[in-house]
Amino acid sequence: MVAVDAHGRPSDGDQQLPASLDRIVREPERRKITGICRTSWHVLVREGLAPLRISLTPSGRARGHTLGQLLTWVEERKRESVASSKAGVQS
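All values derive from a computational prediction rather than experimental measurement. (Residues numbered from 1 in each chain as written. Predicted model: local features only at pLDDT ≥ 70, side-chain atom pairs only at ≥ 80, totals over all residues. Heavy atoms only, no water.)

A. Quick peek at the overall build of the protein chain. When helices and strands are tallied, the protein chain shows four helices and three strands. Mapped in sequence order, the helices and strands of the protein chain form the string α-β-α-α-β-β-α. Taken over 91 residues, the protein chain has a buried fraction of 29%. The long-range share in the protein chain, meaning contacts at least 24 apart out of those at least 6 apart in sequence, stands at 50%. Of the roughly 6,200 Å² of accessible surface on the protein chain, 53% is carried by carbon and sulfur atoms. (Helix = DSSP H or I, 4+ residues; strand = E, 2+ residues; numbered from the N terminus. Buried < 20%, exposed > 50% of the residue type's maximum accessible area, 1.4 Å probe, protein only. Contact = heavy atoms within 4.5 Å. Areas by Shrake-Rupley, 256 points an atom, 1.4 Å probe, with all protein chains shown as cover.)

B. Expanded view of the nonpolar core. Grouped together as the largest cluster of nonpolar side chains are eight residues: Val25, Ile36, Trp41, Ala50, Leu67, Leu70, Trp73 and Val74. Here the element with the most residues in this core is helix α4 (residues 67-90); it accounts for four residues. When near neighbours in sequence (up to four residues on either side) are disregarded, Ala50 contacts Trp41, Leu44, Val45 and Trp73. (Core = buried A, V, L, I, M, F, W, Y, C linked by side-chain atoms within 4.5 Å.)

C. Geometry of a positive patch on the surface. A cluster of basic side chains, namely Arg26, Arg38, Arg53 and Arg63, defines a positive patch on the protein surface. Inspection of the secondary structure assignment puts Arg38 in helix α3 (residues 38-46). For Arg38, a relative accessible area of 45% translates into the label partly exposed. (Patch = residues over 30% accessible without salt bridge, like charges linked within 9 Å, V, L, I, M, F, W, Y side chains within 5 Å. Salt bridge = Lys/Arg side-chain N within 4 Å of Asp/Glu carboxyl O. Lys, Arg positive; Asp, Glu negative; His and termini not counted. Charge placed at Lys NZ, Arg CZ, Asp CG, Glu CD.)

D. Just helix α2 (residues 27-34), in detail. Turning to α2, its buried residues number three or more, namely Glu27, Arg30 and Thr34. Viewed end-on, α2 has its buried residues packed into an arc of 55°, placing them on one side of the element. Gly35 sits one or two residues past α2 and shows a positive phi near 75°. (Arc of directions from axis to C-beta.)

E. Local environment of the environment of Arg77. Residue placement: Arg77 occurs in helix α4. We classify Arg77 as partly exposed; its relative accessible area is 26%. Along the sequence, Arg77 and Thr34 sit 43 residues apart, while their C-alpha atoms lie 10.0 Å from each other.

By themselves, these observations are geometric and do not establish any function.
So this is what it looks like as structure tokens:
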């Protein structure tokens, strides 16, 4: 999988996202992928703990995430969860 930063861009600069990871995900699908309701998600975004949406129109009314951006975020949460559970066992 291609690593992407919090804004959905490939983390190593020049590399392009595969088309399947570059597709736009709107709010209903974002909820299914992350399992987090809209209100909680906005709190995470405000606190800098979740990726920002990208504007799809000049007015900014239509927004979404790239699939790669969301999948990377979920994988990071999984790694953090495993690491914290291992740290708790060692204490």
